[in-house]
Amino acid sequence: MSTASPAPAGAAGVGQPGFVARHGLLTDEQAAAAEQVIRQIRDLDLRTVRFVVVDQHGVPRSRSLSPQAAIDVFANGLDFSGAIYSLDTGNQVFVPAFAPGGGFGIEEFTGFPDVVLVPDPGTFQVLPWANRTGWILCDVYFGNGQPVPLDGRHLMRRMLADLAGAGYDYLAGIEIEYYIVRLAGQPLLPEDAGFTPPPPQVTVFERGYQFLSEVRLDSVAETIEVLRDGLTAVGLPPRSMEDEWGPGQMEFTFSPMAGLAAADAVVLFRSAVKQMCQRRGLLATFMCTPGLPNFFSSGWHLHQSLLQRPGGQNAFASPDAALSAPGRQFVSGLLDHALPMMLFATPTVNGYRRYRPYSFAPDRVCWAVENRGALVRVQGAPGDASSHVENRIGEPAANPYLYMAANIAAGLDGIRRGLDTPPVEEDPYAADAPMLPTSLEEAVGALDKDEFYRQTFGKTLVDYLLMMKRAELTRYSAAQADNPPPEGQQVTDWEMREYFEFF
């Protein structure tokens, strides 16, 4: 890491003077990129720069700074409340307030202290929908310069380094389904503004039940074109934009991206879509299964392959099979660790409503070639240079760093151990294979019993996530006991309050 400072510290009073250089937190390449960002801030006469940290839920949180303060952050870092790591999906503190170690055994978190954000200059964007506003992702450190062990971005970097040490780079294609609904314009009354407020009243954005209909999609073209242009302006041109089955259900896909950039793209995509929609009186929700009549579940299908180092050839391509030997071993790793992986891929109570037989979502641990019912779907053929695998268990609200890191770790373990793949399934829903968890509680139990992710990700992070999800389950159970859902209601009121607007 470089000891060079990208800019002299000014008088804006942010961070710790010289923090970035003192701890060597930017490479020489990053320091040069930071100088370019500083020039952009000045040349474009930006008035605000948002410094963004992605929390444990995969949700961006930020501070908006003036131009000079923003410039100083590149040298000093930015103080940011560490209290965000004590918040659950309802934005409630799930640990004892002011307990030693923050309530989850990390000494530096005692007393709700600040952490220090260090911007990654390669992620800087100018937001076209906001007036003279920049946006940049940050990494998170304690005041002593050590990485915060709960930060998913740090975790994914570690997994990518392990992969590189084995001779591979990571390539991911993003395919995410979500809903757009119209806000009904009802005021939020003060008595409904507590923990957690009722979901906003909404109406349907687009008629459903005509999968991939050109006419249906054209009926909402004005909004879709705004999303297309806004995403393109921040470096995320959609590869495809499609209407799915449900009313107002969309699917956007993106061309393959390498390494950390793939997870960063998911954060920016979800946040950008939500922001552009809300400015138009709409709500974009990445909640898996909204509790609205005639709405269906949405998924996040993660396409992935490995590139050989050096050279960059697709390590999953084979001249005489749909998938190479390393590709099959990667698949075997995904299958072997699928059950404990579920908490990273589907972290909400709501997401488990998706796993049903013959539903286009998997319900057990198996793989197949070009079969959308399997947990792992192989897309490729002998001689196909683009052969890759698709993991179909994810929900759209998953933290992208945790989801991708879990896939990388599992697949690499399969390669290292030379695991054999089980037989390919013709009917994945009839396979004699382990069933997936059908609830968040089962997924928590599967991860708790697992030693692989504790060793690979670290006990601190895994135990923290388990504690947080158990607290979420406790609130969910209490809500059902206090207010049992009517017979036949699939998605509870608690889920709508908890996830519908938040995600």
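Details of the structure are given in the entry above.
Residues numbered from 1 in each chain as written. Predicted model: local features only at pLDDT ≥ 70, side-chain atom pairs only at ≥ 80, totals over all residues. Heavy atoms only, no water.

A. Representation of the pairing of strand 11 (residues 282-285) within the structure. Burial along strand 11 is two-sided: the residues Leu282 and Ala284 and Leu283 and Thr285 are all buried. Direction of pairing for strand 7 (residues 168-183) relative to strand 11: antiparallel, over a ladder of 4 bridges. In the strand pairing of strand 11, isoleucine 180 is matched with alanine 284. (Buried < 20%, exposed > 50% of the residue type's maximum accessible area, 1.4 Å probe, protein only. Helix = DSSP H or I, 4+ residues; strand = E, 2+ residues; numbered from the N terminus. Pairing = 2+ DSSP bridges.)

B. Main features of the packing of helix 11 (residues 440-448) against helix 13 (residues 459-482). Relative to each other, helix 11 and helix 13 sit at 160°, their axes nearing to 10 Å. Compared by their axis directions, helix 11 and helix 13 come out roughly antiparallel. Handedness of the crossing formed by helix 11 with helix 13: left-handed. Contacts between helix 11 and helix 13 pair Leu440, Glu441, Val444, Leu447 and Asp448 from the former with Val462, Leu466, Lys469, Arg470, Glu472 and Leu473 from the latter. Here the contact of helix 11 with helix 13 is built from residues that sort into 6 nonpolar, no polar and 5 charged. (Axes fitted to C-alpha atoms, helices over the stretch in contact; angles between N-to-C directions. Parallel < 35°, antiparallel > 145°, perpendicular 65-115°, else oblique. Left-handed = near helix turned anticlockwise from the far one by under 90°. Contact = heavy atoms within 4.5 Å. Nonpolar A, V, L, I, M, F, W, Y, C, P; charged D, E, K, R; others polar.)

C. Looking closely at the pattern of salt bridges. Per the stated rule, a full pass over the model turns up 25 salt bridges. Notably, a salt bridge pairs aspartate 139 with arginine 153, separated by 2.8 Å at the nearest N-O pair. Taken together, the residues span a long stretch of sequence, with aspartate 139 in strand 6 (residues 133-141) and arginine 153 in helix 4 (residues 152-165) at a distance of 14 residues. A single network of salt bridges, built from pairs that share partners, joins Asp120, Asp139, Arg153, Arg157 and Asp264. (Salt bridge = Lys/Arg side-chain N within 4 Å of Asp/Glu carboxyl O.)

D. Examining the nonpolar core more closely. Ranked by internal contacts, the top residues of the largest apolar core, which has 149 residues, are Tyr85, Tyr170, Tyr178, Phe269, Met404, Tyr453 and Phe457. At 12 residues, helix 7 (residues 260-278) tops the list of elements feeding residues into this core. When near neighbours in sequence (up to four residues on either side) are disregarded, phenylalanine 269 contacts Ile176, Tyr178, Leu231, Leu236, Phe252, Phe254 and Phe286. Counting 7 residues, the second largest nonpolar core, distinct from the first, contains Phe19, Val116, Val118 and Tyr141. (Core = buried A, V, L, I, M, F, W, Y, C linked by side-chain atoms within 4.5 Å.)

E. Representation of the packing of aromatic side chains in the model. Here the structure, examined in full by the defined rule, presents 26 aromatic pairs. Geometrically, the ring pair formed by phenylalanine 104 and phenylalanine 109 is edge-to-face, given 5.4 Å between the ring centres and 75° between the ring planes. We classify phenylalanine 109 as buried; its relative accessible area is 3%. A ring pair is formed by phenylalanine 452 and tyrosine 453, whose centres lie 5.0 Å apart and whose planes are at 70°; its orientation type is edge-to-face. Here phenylalanine 452 falls in the buried class, since its relative accessible area comes to 16%. Residue class for tyrosine 453 comes out buried when judged on its relative accessible area of 0%. One aromatic cluster in this structure is built from Tyr85, Phe94, Phe104, Phe109, Phe142 and Tyr464. (Phe/Tyr/Trp six-rings, centres within 6.5 Å; stacked < 30°, edge-to-face > 60°.)

F. Layout of the side chain of glutamate 498. Residue placement: glutamate 498 occurs in helix 14 (residues 493-500). Only 2.5 Å separates the side chain of glutamate 498 from the side chain of threonine 89, close enough to count as a polar contact. In this view, glutamate 498 contacts Thr89, Gly90, Thr196 and Arg475; residues no more than four positions away in its chain are not counted. (Polar contact = N/O pair within 3.5 Å; in protein donor to acceptor, adjacent residues only side chain to side chain.)

G. Structural view of the side chain of glutamine 125. Among the secondary structure elements, glutamine 125 is positioned in strand 5 (residues 125-126). With near-sequence residues (within four places) excluded, glutamine 125 lies in contact with Thr133, Gly134, Trp135, Ala233, Val234, Gly235 and Leu268.

H. Examining helix 4 more closely. The end-to-end C-alpha distance of helix 4, which contains 14 residues, comes to 20 Å, matching closely the 20 Å that a straight helix rising 1.5 Å per residue would cover. Regarding helix 4, the residues found buried are Gly152, Arg153, His154, Leu155, Met156, Met159, Leu160 and Leu163. (Expected span 1.5 Å × (residues − 1).)

I. Quick peek at a nonpolar patch on the surface. Taken together, the side chains of Tyr209, Phe211, Leu212, Trp245 and Phe296 make up a nonpolar region of the molecular surface, amounting to roughly 480 Å² of accessible area. By secondary structure assignment, the location of leucine 212 is in the loop between strand 8 (202-204) and helix 5 (214-218). (Patch = residues over 30% accessible without salt bridge, like charges linked within 9 Å, V, L, I, M, F, W, Y side chains within 5 Å. Areas by Shrake-Rupley, 256 points an atom, 1.4 Å probe, with all protein chains shown as cover.)

J. Representation of the environment of glycine 145 in the model. If you trace the backbone, glycine 145 turns up in the loop between strand 6 and helix 4. Residue classification places glycine 145 among the buried positions, given a relative accessible area of 9%. Separated by 29 residues in sequence, glycine 145 and valine 116 have C-alpha atoms that sit 8.3 Å apart. Discounting chain neighbours no more than four positions away, the residues touching glycine 145 are Phe19, His23 and Leu25.

K. Layout of unusual backbone geometry. Residue proline 310 follows arginine 309 across a cis peptide bond; omega there is -5°. One can find proline 310 in the loop between strand 12 (300-308) and helix 8 (325-336). If you check the backbone angles, phenylalanine 112 has positive phi at about 50° while not being a glycine. Residue phenylalanine 112 is classed as partly exposed on the basis of its relative accessible area of 26%. In this structure, phenylalanine 360 takes a positive phi of about 70° despite not being glycine. Of the residues examined, phenylalanine 360 reaches a relative accessible area of 60% and is grouped as exposed.

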